[in-house]
Amino acid sequence: MNQAIMMPAKDTILIVGHGSREDSGNQEIREFTAQWRARHPEWRIELCFIEFAPPELNASLLSAARTSRRVLVVPLILNAAGHVKMEIPEAIEQARAACPQTEILLAPHLTACDPILAILKRRLRKAMGALDMPDPTTTGVVVLGRGSSDRGANGEMAKMARWLLEEGDHELVDLAFTGITWPRLEKVVQRHVLLGMRQIVVLPYYLYTGTLMQRIHRQVEHLRGQYPQIRFTCSEHFGFEPEIFALMDQRVEDLRAGVPDSRLPCDGCSYREIAHDLGHGHSHAHTHDHAHDHAHGHEHEHGHDHAHEHAHEHEHEHGHHHDHDHSHAHAHHDDHDHAHLHDHSHTHAKAEDQPA
């Protein structure tokens, strides 16, 4: 028998980044990839982006599937919203159909976990050290993320804020979002000031830089002018922390070992087919409250009657940036029972930014 046939092809590890309109964020992900390759010279590691930057997800996945016996798809993404739950699995299905001889495995996103909590705690300690009065009883903490129409993604951030509260000495740790959902940073800061906080630490929950990180720093500068009696400090995005490399290593090791993981996104989920039948595709993050029994039996406990929330993930299309007080309850259901409970007056400013 031909020895070349007997030798198995190397795995291709395909990093999937979100992509940003701000190329500095894309460049950081390229640099992360270069550093990860240097750590594992024996691995074949490739990079692709979901949007805004080349190389593109579908083409990269198809290329990897054609040249490998096995492709390990590893999202370099913090929260599982529409991109992780819909677009990556769809691309995998297309590649499997085109290359049935290739095994394609999907790892979970980075998720809310102890390694990410360790990064937040370290960032908080550093921020407190930069304050004049590092007193946790008078210092409010705001974990600030992008925000999603997917309640699971927002819930992961809420869990991280809660863990940060429970493992520290701060009496006030809140969650805020830069878009899509509420509360926004300005409203949370207003609450902290009313509760007597003298200092406020803002902890961005972002992997890499981009237009939204730039916006956050502008917002903090604006807040400094609005509340001159309050001392603000804002940390940077996560970047090249050792915990991120370790999490990516673990994802690869788990895939190779066949370790099941209930956090896997909807690889083969029938609800994505329903979404397409209803006309909801690329830019919609459907609220799937998935309880996956990942012995690949896919027992889904979907907490919806196909009621897909229409607060679109793509802020540049439908996102509204509110810097005002309002009470809201948006429930846009695809069964056309549109229950709009709007109790607010506001102006809409089209948000052109996209996350890193």
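Residues numbered from 1 in each chain as written. Predicted model: local features only at pLDDT ≥ 70, side-chain atom pairs only at ≥ 80, totals over all residues. Heavy atoms only, no water.

1. Section: the overall build of the protein
Inclusion rule: In this text, helices come from DSSP runs of H or I with a minimum length of four residues, and strands from runs of E with a minimum of two, each type numbered from the N-terminal end. The method behind every accessible area is Shrake-Rupley, applied with a 1.4 Å probe, and residues are considered shielded solely by the protein chains displayed.
Secondary structure assignment for the protein yields 11 helices and 10 strands. As displayed, the protein offers around 15900 Å² of accessible surface, 51% of which is attributable to carbon and sulfur atoms.

2. Section: the packing of helix α3 (residues 57-67) against helix α4 (residues 82-98)
For the record, the criterion: Inter-axis angles, ranging from 0 to 180 degrees, are taken between N-to-C directions of lines fitted to C-alpha atoms, where helices are fitted over the stretch in contact. Crossings are sorted by hand: turned counterclockwise from the far helix by less than a right angle, the near helix makes the crossing left-handed, and turned clockwise it makes it right-handed. Contacts are assigned to residue pairs that have any heavy atoms within 4.5 Å of one another. For this scheme, ten residues count as nonpolar: Ala, Val, Leu, Ile, Met, Phe, Trp, Tyr, Cys and Pro. Four count as charged, namely Asp, Glu, Lys and Arg, and the remainder, Gly too, count as polar.
In the contact formed by α3 and α4, the axes pass within 9 Å of each other and the chain directions differ by 40°. Classified by chirality, the crossing of α4 by α3 is right-handed. Across the interface between the two elements, L57, N58, L61, L62 and A65 from α3 touch E87, I88, A91, I92, Q94, A95 and A98 from α4. The residue makeup of the contact of α3 with α4, split by class, is nine nonpolar, two polar and one charged.

3. So, the sheet that holds strand β3 (residues 70-75)
How we decide: A strand pair is defined by DSSP finding two or more bridges across the two strands.
Reading across from one edge, β2-β1-β3-β4 is the order of the four strands in this open sheet, with parallel pairing throughout. Each edge of the open sheet carries a strand with a single partner, namely β2 (44-49) and β4 (103-106). Shown here is a sheet whose adjacent strand axes are inclined to one another by a mean of 25°, direction ignored. Both strand β1 (residues 12-17) and β2 contribute to a ladder of six bridges, which runs parallel. Within β2, the position partnered with T12 by the bridge is R44. Along the sheet, α3 makes contact with β1, β2, β3 and β4, crossing β2 at roughly 155°. Sheet strands in contact with helix α9 (residues 242-257) are β1, β3 and β4, and its direction is about 145° off that of β3.

4. Description of the nonpolar core
In a soluble, globular protein the nonpolar side chains are often hidden away together inside. Worth spelling out the cut-off: For the purposes of this section, nonpolar cores are sets of buried Ala, Val, Leu, Ile, Met, Phe, Trp, Tyr and Cys residues that join through side-chain atoms within 4.5 Å. Burial status follows relative accessibility: with a 1.4 Å probe on protein chains alone, a residue under 20% of its type maximum counts as buried, one over 50% as exposed, and anything between as partly exposed.
With 47 residues, the main nonpolar core has W36, L76, I116, L164 and Y205 as its most contacted residues. Looking at this core, the element that brings in the most residues is helix α5 (residues 114-129), giving seven residues. Once you skip the residues sitting within four places of it in the chain, L164 turns out to touch L117, L120, K121, L124, V141, V143, V173 and L203. Grouped together as the second largest cluster of nonpolar side chains are 20 residues, L14, C48, A65 and V71 included.

5. Digging into α3
Just so we agree on the cut-off: Here, the arc refers to the directions that run from the helix axis to the C-beta atoms.
If you check which residues of α3 are buried, you get L57, S60, L61, A64 and A65. Seen from one end, α3 has its buried residues packed into an arc of 135°, which puts them on one side. In the core, the buried residues of α3 are packed alongside β1, β2, β3, α4 and β4.

6. Side note on the side chain of S235
Assignment of secondary structure puts S235 in the loop between β8 (231-234) and α9. Among residues more than four places away in sequence, those in contact with S235 are R123, V202, L203, P204 and H217.

7. Quick notes on the sheet that holds strand β5 (residues 139-145)
Across the sheet, which stays open at both edges, the four strands sit in the order β6-β5-β7-β8 with parallel pairing between neighbours. Two strands in the sheet have a free side with no partner beyond their single neighbour: β6 (173-177) and β8. The mean inter-strand angle of the sheet, taken between neighbouring strand axes irrespective of direction, is 25°. Of the pairings in the sheet, the one linking β5 to strand β7 (residues 199-204) comprises six bridges and is parallel in character. When the bridges of β7 are listed, G140 appears paired with I200. Helix-sheet contacts for α5 involve β5, β7 and β8, and the interaxial angle to β7 is about 145°. Each of β5, β6, β7 and β8 is contacted by helix α7 (residues 185-194), which is oriented at about 155° to β6, the strand it contacts most.

8. Details of unusual backbone geometry
A cis amide bond links P54 with the next residue in sequence, P55, at an omega value of -5°. Examined against the element boundaries, P55 turns out to sit in the loop between β2 and α3. With omega at 5°, the peptide bond leading from W182 into P183 counts as cis. Along the chain, P183 falls in the loop between β6 and α7. The phi angle at F52 is positive, at roughly 75°, despite the residue not being glycine. Along the polypeptide, F52 turns up in the loop between β2 and α3. Although it is not a glycine, I180 adopts a positive phi angle of roughly 70°.

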